[in-house]
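# Examining the three-dimensional arrangement
What follows is each chain in one-letter form.
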Amino acid sequence: TSTKNPRYRDVLYVEELVGRDTVNTLPPATLEAFRDHGVPRESLGEGTEEARETLAHLSRCGIDLEEVTGRLLVEGVAQFRDAFDRLKAAIETRVRTLGT
């Protein structure tokens, strides 16, 4: 998990996704940034009442959270699949090149 928007803290998604029994994957540069200046705290438990209010408001506005998260899941899995397929193809090409 790395921050794409340069206006955000480079450790934003690490700091805000810390919780009991959670796992977060991050690139080496983000890990080093968190080690350097990240603030470790169990952040997932913070602001839960405000989050519930926000979700209720979104629902009243016609935004279906299950639909949005379902679409994000499909798109995210597709991105990982595509990256894996490119990596696999590159390895296969390299193996064929070395074998000749």
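So, how was this worked out
- Residues numbered from 1 in each chain as written.
- Predicted model: local features only at pLDDT ≥ 70, side-chain atom pairs only at ≥ 80, totals over all residues.
- Heavy atoms only, no water.
- Helix = DSSP H or I, 4+ residues; strand = E, 2+ residues; numbered from the N terminus.
- Rg over C-alpha atoms; globule rule 2.2 N^0.38 Å.
- Buried < 20%, exposed > 50% of the residue type's maximum accessible area, 1.4 Å probe, protein only.
- Expected span 1.5 Å × (residues − 1).
- Polar contact = N/O pair within 3.5 Å; in protein donor to acceptor, adjacent residues only side chain to side chain.
- Contact = heavy atoms within 4.5 Å.
- Salt bridge = Lys/Arg side-chain N within 4 Å of Asp/Glu carboxyl O.

## A word on the overall build of the protein chain
Scanning the protein chain from terminus to terminus reveals four helices and zero strands. When the helices and strands of the protein chain are placed in sequence order, the string is α-α-α-α. For the protein chain, the C-alpha radius of gyration of 19 Å lies well beyond 13 Å, the compact-globule estimate for 100 residues. Considered along the principal axes of its C-alpha atoms, the protein chain spans approximately 65 × 40 × 30 Å. Taking all 100 residues of the protein chain together, 10% fall into the buried category.

## Remarks on unusual backbone geometry
A positive phi is found at aspartate 21, a non-glycine position, where the angle reads about 60°. What makes aspartate 21 exposed here is its relative accessible area of 79%.

## Topic: helix H4 (residues 65-99)
Under the 1.5 Å per step criterion, the end-to-end length of H4 is 50 Å for 35 residues, consistent within 8% with the ideal 51 Å. Among the residues of H4, the N-terminal cap falls to aspartate 64, whose side-chain oxygen and the backbone nitrogen of glutamate 66 are separated by 3.0 Å.

## As for helix H3 (residues 48-60)
Here H3 is 13 residues long and its end C-alpha atoms lie 18 Å apart, about the 18 Å a rise of 1.5 Å per residue gives. Two residues or fewer past H3, glycine 62 is found with a positive phi of approximately 90°.

## Some thoughts on the side chain of glutamate 15
Relative to the assigned elements, glutamate 15 resides in helix H1 (residues 12-15). Setting aside chain neighbours within four positions, we find glutamate 15 in contact with Arg9, Phe34, His37, Gly38, Val39, Arg41 and Ser43.

## Re the pattern of salt bridges
Going through the model one piece at a time under the given rule, you end up with six salt bridges. Between arginine 41 and glutamate 16 there is a salt bridge, with its nearest N and O atoms 3.0 Å apart. With arginine 41 in the loop between helix H2 (28-37) and H3 and glutamate 16 in the loop between H1 and H2, this residue pair connects regions lying 25 residues apart in the sequence. Exposure remark for arginine 41: the relative accessible area of 27% places this residue in the partly exposed category.

## Section: the side chain of serine 43
If you trace the backbone, serine 43 turns up in the loop between H2 and H3. At a separation of 2.5 Å, a polar atom in the side chain of serine 43 contacts the main-chain carbonyl oxygen of glutamate 15. In this structure, serine 43 is in contact with Glu15, Glu16, Leu17 and Val18, ignoring residues within four places of it in sequence.

## Things to note about the environment of glycine 38
Among the structural elements, glycine 38 can be located in the loop between H2 and H3. In sequence terms glycine 38 and leucine 12 are 26 residues apart; their C-alpha atoms lie 8.5 Å from each other. Among residues more than four places away in sequence, those in contact with glycine 38 are Arg9, Val11, Glu15 and Ala33.

Keep in mind that these numbers describe shape and distance, not what the molecule does.
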